[in-house]
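# Structure assessment
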Amino acid sequence: MRTMLLTATALVLALAAPTVQAGDVAAGETRYLVNCVNCHGKTGKGLASFPALTGRDADYIAQRLSQYRAKEQVGPNSAIMMSLVGDLTDDEISNIAAYVAETFQ
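None of the values given here were measured: they were computed from a predicted structure.

### Observations regarding the packing of aromatic side chains
Aromatic rings considered in pairs are described by the distance between their centres and by the relative angle of their planes. What the rule picks out here adds up to 3 aromatic pairs. Taking 5.4 Å as the distance between ring centres and 55° as the angle between the ring planes, the aromatic pair formed by Tyr32 and Phe104 counts as tilted. Of this pair, Tyr32 sits in helix H2 (residues 25-35) while Phe104 sits in the segment after helix H6 (90-103), and the two are 72 residues apart along the sequence. Here Tyr32 and Phe104 have matching classes, each one buried. Between Tyr99 and Phe104, the ring centres sit 5.6 Å apart and the planes meet at 80°, which makes this aromatic pair edge-to-face. Under the relative-accessibility criterion, Tyr99 is labelled buried at 7%. Among the aromatic residues, ring-to-ring pairing joins Tyr32, Tyr99 and Phe104 into one connected group.

### A closer look at the side chain of His40
One can find His40 in helix H3 (residues 37-40). One polar contact links the side chain of His40 to the main-chain carbonyl oxygen of Pro51, over a distance of 2.8 Å.

### A short note on unusual backbone geometry
Of note, the phi angle at Ala48 is positive, near 50°, even though the residue is not glycine. Its place among the elements puts Ala48 in the loop between H3 and helix H4 (58-69). In this model, Lys71 sits at a positive phi of 65°, which is unusual for a non-glycine residue. Looking at where Lys71 falls in the secondary structure, it is placed in the loop between H4 and helix H5 (78-85). A relative accessible area of 53% places Lys71 in the exposed class.

Rules used in this analysis
Residues numbered from 1 in each chain as written. Predicted model: local features only at pLDDT ≥ 70, side-chain atom pairs only at ≥ 80, totals over all residues. Heavy atoms only, no water. Phe/Tyr/Trp six-rings, centres within 6.5 Å; stacked < 30°, edge-to-face > 60°. Helix = DSSP H or I, 4+ residues; strand = E, 2+ residues; numbered from the N terminus. Buried < 20%, exposed > 50% of the residue type's maximum accessible area, 1.4 Å probe, protein only. Polar contact = N/O pair within 3.5 Å; in protein donor to acceptor, adjacent residues only side chain to side chain.

Listed below in structure tokens is the structure:
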């Protein structure tokens, strides 16, 4: 009985886990260098008024990129972000998120 309860609990937790798919880190790096590096920097620490990405997990990055792609106002740089990520696919967002999370821990 206890094993069934533990198994059921594990299943519920697995289903409730974040839905961001693991991205391709190498592809994320390529896209980061095209879309992101000019504002967030080579080390993800941010430049001028652009925020640091260091310490952000993949779910956070993917959520923010998805919000910008959907034209949601998130912060003072939203207009810039909307123009840069408007054409990103779900896979590209996952790839960038994976790269940022792994590289800028």
